[in-house]
Structure formats: structure tokens, C-alpha cells
Amino acid sequence: MKHIFYFLLLCLANSTAFAQTRNGTIEGTITDSTGLGLSAATVTLLQQKDSVLVSYAVTNPEGGFLLKRVTAGDYILQVSYVGYRNHAQLVKVAPDNGKTDVGRILLVPDNLLLQGVDITAQQAPLSIRQDTIEYNTAAFKTQPGAVVEDLLKKLPGIQVQSDGSIKAQGETVQNVLVDGKEFFGQDPKIATKNLAAEAVDKVQVYDKKSDKAEFTGIDDGREQKTINLTLKADKKQGYFGNASGGYGTTDRFEGKFNVNRFGKKTQFSALGMGNNTNQQGFSFDDYINLMGGLANFMTGSSSSAGSGRVRITINPEETGLPMGSGLENGFTTTAAGGLNMNSDLSKKTEISANYFYSHLQNNMERTTTRTNLLGSEQFGSVEDEDRLSRNASHRLNLTLRHKPDSASNLLFRSRLSINDARLDSRAQSATSDVAGLLQNTSTRDYFSIGSNLSGNASLVYRRHLGRKGRSLVADLNFQGGDDGRDGLLRAQNDYLSGPNPSREAVSQRQEYADASTHYGGSVAYTEPLGRRQYFEWQVSREQYANRTSKNFYDLIETPTPGEVFNPILSNRYRRGYRYDRGSMNYLLNRPKYNLTAGLALQHSQLDGELVESGTPPLQRDFTRLLPSVFFNYDLRTGRNFSAEYTTQLREPSLEQLQPVVDNSDPLNIYTGNTNLKPEYVHELGVNFLNFDQFTMTSIFANLRATYIQDRITNASNVDALFRRFTSPVNVKQDWLLNGYVNFSTPLRFIKSNLNLSLNSTYNRGILFVNDIQNNTDRWMNSVELALYNRKKERVDITLGMRLGQNTTRYSISAALNQAFVNQTYFTECTVFPSKKWAISSGLDYTLYSGENFGAQRAVPLWRASLTRYVLENNRGQIKLAVFDLLNRNIGISRSSEFNYLEEVRIRNLGRYAMLTFAYSISGFNKKPGGIEIRMQH
């Protein structure tokens, strides 16, 4: 692997000529016809032979500029200024000349083109305005037929995960807009995995404020990391899209299409897809939630305190859900399609509506090996499982914006989701003690079907009240859901330790139903104080309620086959959570900075009742002060600093509160805890963004710190038969620190770009196993280095590496400290012998270290393709591709949790070849890109 890496680095270096040492400067002055210096004019220096960007500057208030470290050679100096004719002239820098003075350059207000020289200029790759980063896609070339996701992978500061989720500056992107409008609701993957990259002009990354904050200008801390894709001008006056279909060996198939019609008043999109190659062009959160519920229903509730209300945080490794994309998650067949429409019905009314259907079927064979902590010792377990899951989902979204007059507007949103799922699982497991002796074995067959109907709606009214800055915002929201599951469990558990080995058999039919409602509302009033200062008052109430029933029936064969109701495992439970909040915010708004400081008083009430049990209802009240501060400062053009501190209460989930023993899996018994208190969460975030327009160097950095009082975690007890009894408890505190840095800069001596990302997370928590408190320290560090050439007309090369380290330390059980490292080396190379042919090859070589897992594992994934472009303007392409040429694909997932270390191996889709035809749909004449300048000389 080392030799391959060095060879590719040599290819990258040899793909361009080495430049000579920088030894000169170019200076001059830009003026108008009166001789007055023009401030902030753009000066660009290009190589004459290939028009590659060399340097870039903006004039000072007197119109002067200075380009430093310019290598000897022939150049084109380009000057542009809004309202004036573009200027371009040839400049020669001699090897022995330290300074080249071009003197005074006069710009005139004329649109005439200069004659004689054609130039295609490389544009600045990005710009920063306050907290918004805007990428110019012309500086990040993608291959023909690429989708937006391929483009995002090339942008510094943006990471696309293996499951298609996106992180920008270390934070998860929650929404992707197209020209500022929603695209299939708030599913970011539909836009990134289906829209063509060549249709996008700019990619904007920013923290989108809430609807109220956008209207009032007062930050309320409710932000979503958002990407906005602005389309090229010609894409807004016609239709565009693509369609492709392919068939391959081992009966593999792929097909997809999308058609988009974007006009001045209406946007319309239709898409569809189907494949059995593990590709999903959408998010499947509904599938994850429902399938996770089915899996938890089988093995006992294993939910943990998470973010959001009435929601279970699901560990994908525990539920076996196909979380990723590509080749790594068993065998998945997908079918999906939908329609999206945005329309300006009138000058006052806008509507956005979309429908999306998806069907997923996943077959997974996996082996899970786990090392479990037990006081100062450890024991091991192994499980083999074969599961088949299916899910069908319908999603409907509607957004209506209406502006009755210039002072007010209405915003209505609604969502409806319908899901049906089934799960069929067969598993065998074994547990061994500290000495490696077998203690118990288990076989389990489980079948479950489930359905979920959920919907929500919200209405926001906003109005300006005469004086500038004075406003009123009121909102109402409602959410309801109906969740039902039916399961059939047959299990046999053999306990082998002790003088009297025993066998336990479980045969049950299980019914589960949950009806949930949530409603709330708030009113906020803003009053200007003068000198761009404001004060806001807000009151709100939120109410959550669940009514849950769980009925277990033991299946019997004698004296006659039938079923018997099990009252010990069955229960009906009612849970409610309500909070009332009053808050005050102060806003200071200045040209270079703004400050928002607020304080809220929240009174929460948590109640629960085990219906018909005779036990008294649970009632708990909590009152907390919730301060918040937000500060944003523009240090200068292209440089921004911001800091934010917020607090919140996170209440326990329904499953954590139910005081009922769930032993549907006798080896893992779960009991809720009615004495749980809400978590009190403090979060501090600091961000720094910088882009140097002279060196084309960018730095994005952020630091996140989270401190949780009364953290909810699971406490476990393991008995002599190695059965695990788990219950949630509050611990005193929990710390989480995360730091992220991304650095990107051109390496001009090999005409390439370097992108470096560092991500580090530290977690300090408290763990209870068999009533022993163990303080845990966890570090998760990763570094990614990527190098790619800038000139891509004939050769496009990317190579790099990713290193990840995971370490866990225990205060009591130091001998069980854990650490492992994963390494990935990757490269992608495409060669264009002519305008009609492309040859591509890529390799991902992953090394999994042997610490704590036995032998080191290596997984090389090699792919290659040959593409022939056909039809006018290369609209069609015929591609022959081979995936996993070495047939070595295996899915490996490793995790180090508080009380166990786990490795999951999954049998995956292996080598196959596929022949595909793709066609670019276009309803307009495409004009050549770039900037044309004709020069007289």
C-alpha cells in the first residue's frame, strides 16, 4: 500500500510542470477617468499559457495593489470593477527583476470587449460573509454526470459520511435548500444524491435562523446548519435533469431519473429510483425509528437519553439497521419516487408541496463480538444473526406562506407520514466468563410487523407594529402519532454454569400500541430601544402525552394449544410532560458585530401512571433558570468569529420511565425508573472562519463543550448466570468536548490543493456495573488529509488518508483500558484521453488494528470504469464499471461504549460488473462556461 501511495503522489506531481522559485512582485494603481483611485477593485493574475490563477488582490482605498511572490514568466493581468469595462493586459516578469510596476491602469464605464486573446479565468473558490460561506462551483470541477454529493466531497470544510449525511465545519447539515426553497421537505439527501452538480452555481453554508428570528432579527438559538444550492441562470429558464439505467452480473440492476422545471414563479421536480446495489437516494429516518422499535421490542427496551422529546436514541450497531450506502451493509433493494413543487401563486402567496414514497428491503447476516466490563474483570459474548427487514413509507409535506400586507405574514407547515414494516430475525449467541469458559447459550427466532401514522402542523403569525423593530410573533403547533407492533418470539436459553445447569424456553406473542400527542404555542413581543438595540419578551407552553399498552401472551401447547395472558410483563402506562417558559432577550446590533443575551425561567412537570395497577401516580416538578448568550463579530472581509452559550432541559423518554420489567429477552432484562430527573444541559460553542483571498487559503475551526447535570445513563448488573439487568439512572454530571479544524490551501509548486481536517472528541462520564461506580474517559480522534490536482482537463487525481483513534480509560478497571486505530488510504484517478472517453479507477484500502480485536484486518475496495460520451454536447454516456474487483468487501464496524467494546462484521455485496447508459435531460441551449476577454495588442 505504501508503494501505491508513493506512486500516485509521483503521478500527481508529474501531471504538471514544477514552477520556478517565486522571486518578484507586481504593483500598480487602478483609477477612473478622473484619476481617482478605485477602492476594492479586483485584480487577478493568470498564467498566459493556460489561464490558471496565480494570484489575487483587492485594491486599497487609494486604488493601489500589490501581488507578492510571483514566479518569473508571462502573465495576463485582469482588472474588474462594478460598472466599468474589464481590463486585461500582458505582463512579463523577468527572472532577475524583483519588482514589476504596471503603473496606472485607467478603467472606463464601457462594455466593449477587448480584441485578440481568449481567457478562461479561474474564479475565487469561496467567500465568507458573516457566518455564511459561499463556494464557487467553477473552482471545483466534477466529472460529467456527477450529482451534488460528489461536488460537496470536494469542498473544504464539508464532509460527506458513508451513509450520505453531511457535516459542514464539523456540524451535521439538517436541511438543503434549492434557490432558497425547500426541496422534498427537509430531507437533505434527496437534493444531494439526485440533483446534477453541473446545474449548481454556488453552494452556501450557513446557520439558518428560526422563522421567528428571521422576522425579528433576534437570535433565539434555534438554528439549523443549512446548505443552499443556487442554480446557474440558464437552469432557471427551462428544464433539466438526468436518467440512467444499468444491468450487471449476479442480476444487479440500477435505474434512476430526475426532471426539474425551474421558472421565475414555479419549481417542479420529479424523481424515481430502483436498485439492488445498496444505493439510497434519500433519508430513511422513519424506517430507522420504526425498525428500531421492532428490534427493541424483541430484545427489551434499550433506549438511552437522547436529544429531542419522546424519541429513542437508537444505536445502529445494536439494531442492525442498514445505516450506510454503497457496499457495506448486507444486501438492500430499494424503490422510491416523488414529486416536489414550489409555486408563487401570487405576489402575496407561496406554496411548497411534495410527496415521496420509498420501499426498502434489507437482508443482513452479521456477527457481533463484544467484550463486556464486569467490575475489575471482563467477559465475552458472540452473536450470529440473519435478519430480513422490509419497510414501505409515504411522506407528504405542505408549506404555505401568505403575506396579507406589508406589515404581516402567515406561515403554515404540515407533514404526514405513513409507515409499514416487518422484521424476521434468527440468532444464536453464547457468553463466556473471564476464563473463557462457556456460561450460557441462546437461540432466538423473532417475527414482527408494525405500522406508524404520524403528522404535525404549525401556524406562525408575524406582524410589524408601526415603529421600526417593534414586532409581534405568535405560533401554534400540534403533533400526533399512532404506533402499533405485533411480534412472535421463540427463544431457548441454556445456563451451563453451576452444579445444576438449566434450560429456559420463551414462547410469546407480543402486542404494543402507543398513541402520542404534542401541542404548544408561544407569543413574542419585540420593542426597539434606540441605537439599534432591542428587547424581547416571550411566553410559551409545550405539552406532551403518551398512552401506551403492552400485552404479552405466553403460547402453550398443553393441555390444548393456545395462549395465556401474562399480567407480569403486560402493562398500560400514561406519561405526560409539560413546561411553561417565560424569557427575556436583549439584542445589540452593530455593523461589525451583534450580541444577544437572554434569560428564561422554565417550570416543568413530569407525571406518569401505571393504569389499573393500584400504584400511586408519578408527579415531579422542576424549575430552572435557562440563560443564553450569542455573539458574532466580523473581524474583516473573509474573517468571522462567533460564540454561543445555551441551556436546556431534556426530559426522560417514555421507555425510561415505565416501572415495568421487560424480560422478552431473558438474557437482557430492562426496567424503567420512575425516579428519573430531566437532564440540565449547558452547551458552549465557538466558531472561527477565515479565507485569505490573496493566498486562497481557508481555515474553519470550532469548539463545542457540553456539560450535563443529572445525566441519564444505563446502570447494569450481571448475575451469576451472566444475565444482564439494566435500568436508567441519573448520574451527577457528564462532560463532552469536541474540536474541529479544517485547513485548505493551494500547493502551487505541484499545482494542487491540500485539504486537512482534524476532529477530536473527549467524553468524561460515570458508569455503573454491579453497583460499582467507574469514571470513564473516552477520546475519539480523527485526521483526514486529501490532495488533488487543480488542472483537471486531462487528468483528475485525488489521493489521501484517514486515521481514526478510539481510546477508553476506566478509573477502577484500569487493566481493561481499550484503544484501537482504523486507517483508510484512498485514491481516485480519472484520465480523459479525448473529449469522448474517460478512464477511472479508485481504491479505498482500510486497515483495522488488532488491539482488543485479535488479528489486524485489511479491506481493499477497488473499482474501475470506462466511459464513452455520446450524442450532442456529450449528453449521453455509456459506462462499463466493475465494483470490488478483488472481491474482498466485508462490513466491519467497531465501537467503544462505556461498558463494552464491540466489533460487528457483516457479509456484504461483493464483486459485480455493470453496464449503464445515462442521458442528460436539457430543455435549453447550454452556453460555454468561463469568462471571455478579448485583448488588443
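First, a word on scope: everything that follows refers to the structure included in this document. This one's a predicted model, so the numbers in the text were calculated from it and none came from an experiment.

Turning our attention to the overall build of the protein chain. Along the backbone of the protein chain there are seven helices and 46 strands. Across the 937 residues of the protein chain, 50% fall into the buried class. Restricting to contacts in the protein chain with at least 6 residues of sequence separation, those with at least 24 account for 67%. A total of about 41,800 Å² of accessible surface is found on the protein chain, and carbon and sulfur atoms cover 55% of it.

Grouped together as the largest cluster of nonpolar side chains are 44 residues, with contacts concentrated most on Tyr135, Leu152, Ile158, Val203, Ile227 and Leu229. Apart from residues no more than four positions distant in its own chain, Ile158 is found in contact with Tyr135, Leu152, Ile166, Lys167, Ala168, Val205 and Ile227.

In this section: unusual backbone geometry. Here the bond from Thr558 into Pro559 is cis, since omega is 0°, no more than 30 degrees from zero. With respect to the secondary-structure elements, Pro559 resides in the loop between β27 (533–556) and β28 (562–589). For Arg532, which is not glycine, the phi torsion reads 60° and is therefore positive. Structurally, the position occupied by Arg532 is in the loop between β26 (502–530) and β27. By relative accessible area, which is 41% here, Arg532 ends up partly exposed. The phi torsion at Leu871 lies on the positive side, around 70°, for a residue other than glycine. Relative to the assigned elements, Leu871 resides in the loop between β42 (857–870) and β43 (876–883).

Moving on to the sheet that holds strand β13 (residues 175–178). If you trace the six strands from one edge of the open sheet to the other, you get β8-β9-β15-β16-β13-β14, paired in mixed fashion. At either margin of the open sheet sits one strand with a lone partner, and together these are β8 (126–129) and β14 (181–182). As defined by bridge partners, strand β9 (residues 132–136) adjoins strand β15 (residues 200–208) across four bridges and the pair is classed as antiparallel. Following the sheet pairing, Glu134 is matched in β15 by Gln204.

The next subject is a nonpolar patch on the surface. A cluster of nonpolar side chains, Val831, Trp837, Ile839, Leu866, Leu871, Ile878, Leu880, Leu915, Phe917 and Tyr919, forms an exposed patch at the surface whose accessible area comes to about 860 Å². Contributing elements (two or more residues each) for the nonpolar patch: β41 (837–848), β43 and β46 (912–922). If one sorts the elements of the nonpolar patch by residue count, β46 sits on top with three residues. For Leu871, a relative accessible area of 48% gives the class partly exposed.

Moving on, we come to the side chain of Ser429. Along the polypeptide, Ser429 turns up in strand β23 (residues 408–432). When sequence neighbours within four positions are dropped, the list of residues in contact with Ser429 reads Val382, Glu383, Asn440, Thr441, Ser442 and Leu667.

This next bit is on the packing of aromatic side chains. As enumerated under the stated definition, the model contains 17 aromatic pairs in all. Centre to centre, the rings of Tyr593 and Tyr633 are 6.3 Å apart; their planes meet at 50°, and the pair counts as tilted. Pair noted here: Tyr593 is in strand β29 (residues 593–610) and Tyr633 is in strand β30 (residues 618–636), with a separation of 40 residues, a long-range link. You can call Tyr593 partly exposed: its relative accessible area is 29%. The exposure class assigned to Tyr633 is partly exposed, which follows from its relative accessible area of 29%. Here the guanidinium or amino end of Arg509 rests over the ring plane of Tyr553, the centre of that ring lying 4.5 Å away.

This paragraph deals with the sheet that holds strand β10 (residues 158–160). Taken in spatial order, the three strands of this open sheet run β10-β11-β12, and their pairing is antiparallel. At either margin of the open sheet sits one strand with a lone partner, and together these are β10 and β12 (171–172). Pairing analysis gives three bridges linking β10 to strand β11 (residues 166–168), with the strands arranged antiparallel. Within β11, the position partnered with Gln159 by the bridge is Lys167.

Moving on: the pairing of β29. Of the pairings in the sheet, the one linking β28 to β29 comprises 17 bridges and is antiparallel in character. By the bridge assignment, Arg581 is partnered in β29 with Gln602. Between β28 and the antiparallel strand that follows it, β29, lie three residues. Pairing geometry for β29 and β30, over 16 bridges, is antiparallel. Across the sheet, the residue bridging to Leu595 is Phe631, located in β30.

On to the side chain of Asp514. Note on placement: Asp514 falls in strand β26. Comment: no salt bridge for buried Asp514; closest opposite-charge side chain is Arg485, at 6.8 Å. A distance of 3.3 Å separates polar atoms of two side chains, one belonging to Asp514 and the other to Asn546. Sequence-distant contacts of Asp514, that is, excluding residues within four places in its chain, are made with Gly481, Asp482, Asp483, Asn546, Arg547, Thr548 and Leu654.

Across all of its chains, the model carries 38 salt bridges by this definition. For Asp710, the salt bridge is made with Lys677, and the minimal N-O distance between the two is 3.5 Å. Residue Asp710 is found in strand β35 (residues 697–718), and its partner Lys677 is found in the loop between β33 (668–671) and β34 (679–692); the two are separated by 33 residues along the sequence. In this structure Lys677 comes out as partly exposed when scored by relative accessible area, which is 31%. One salt-bridge network, in which partners are shared between bridges, spans Arg650, Glu679, Arg711 and Asp734.

Mapped onto the secondary structure, Leu703 falls in strand β35. With relative accessibility at 47%, the residue Leu703 sits in the partly exposed group. Considering only alpha carbons, one finds Leu703 and Asn759, 56 residues apart in sequence, at a separation of 10.0 Å. Excluding anything up to four places from it in sequence, Leu703 contacts Leu684, Gly685, Val686, Asn738 and Gly739.

With that settled, the discussion passes to the pairing of β8. Regular strands place their side chains on alternate faces of the sheet. Alternating residues of β8 divide into Leu126 and Ile128, all buried, and Ser127 and Arg129, none buried. Of the strand pairs in this sheet, β8 and β9 are connected by four bridges, and their pairing is antiparallel. Within β9, the residue paired with Arg129 across the bridge is Thr132.

Basis of the calculations
Residue positions are counted from 1 within each chain, in the order its sequence is given. pLDDT decides what is reported in this predicted model: residues at 70 or higher carry local features, side-chain atom pairs at 80 or more are listed and counted, and totals for whole chains, interfaces and linings draw on all residues regardless. The basis for the side-chain values is all heavy atoms of the structure; hydrogens and waters are excluded. Put simply, DSSP H or I for four residues or longer makes a helix, DSSP E for two residues or longer makes a strand, and each gets a number counted from the N terminus. For each residue, the accessible area found with a 1.4 Å probe, counting protein chains only, is set against the maximum for its type, and the residue is called buried under 20%, exposed over 50%, and partly exposed in between. Any two residues whose heavy atoms approach within 4.5 Å are treated as being in contact. Residue burial considers only the protein chains on display, and all accessible areas are found by Shrake-Rupley using a 1.4 Å probe. In this description, a nonpolar core means a group of buried Ala, Val, Leu, Ile, Met, Phe, Trp, Tyr and Cys residues linked to one another through side-chain atoms lying within 4.5 Å. Strands were regarded as paired on the criterion that DSSP finds at least two bridges between them. Within this analysis, patches are made of residues with over 30% relative accessible area and no salt bridge. Like charges are joined at 9 Å or less; nonpolar side chains (Val, Leu, Ile, Met, Phe, Trp, Tyr) at 5 Å or less. Think of a salt bridge as a Lys or Arg side-chain nitrogen and an Asp or Glu carboxyl oxygen that are within 4 Å of each other. Any Phe, Tyr or Trp ring, taking Trp's six-membered ring, that has another such ring centre within 6.5 Å forms a pair; planes under 30 degrees apart are called stacked, those over 60 apart edge-to-face, and the others tilted. Two conditions define a charge sitting above a ring: the NZ of Lys or the CZ of Arg must be within 6 Å of the ring centre, and it must be within 35 degrees of the ring normal. A residue counts as positive if it is Lys or Arg and as negative if it is Asp or Glu; His and the chain ends are not included. Polar contacts here mean pairs of N or O atoms no more than 3.5 Å apart (in protein, one a potential hydrogen donor and the other a potential acceptor; neighbouring residues in sequence count only if both atoms are side-chain atoms).

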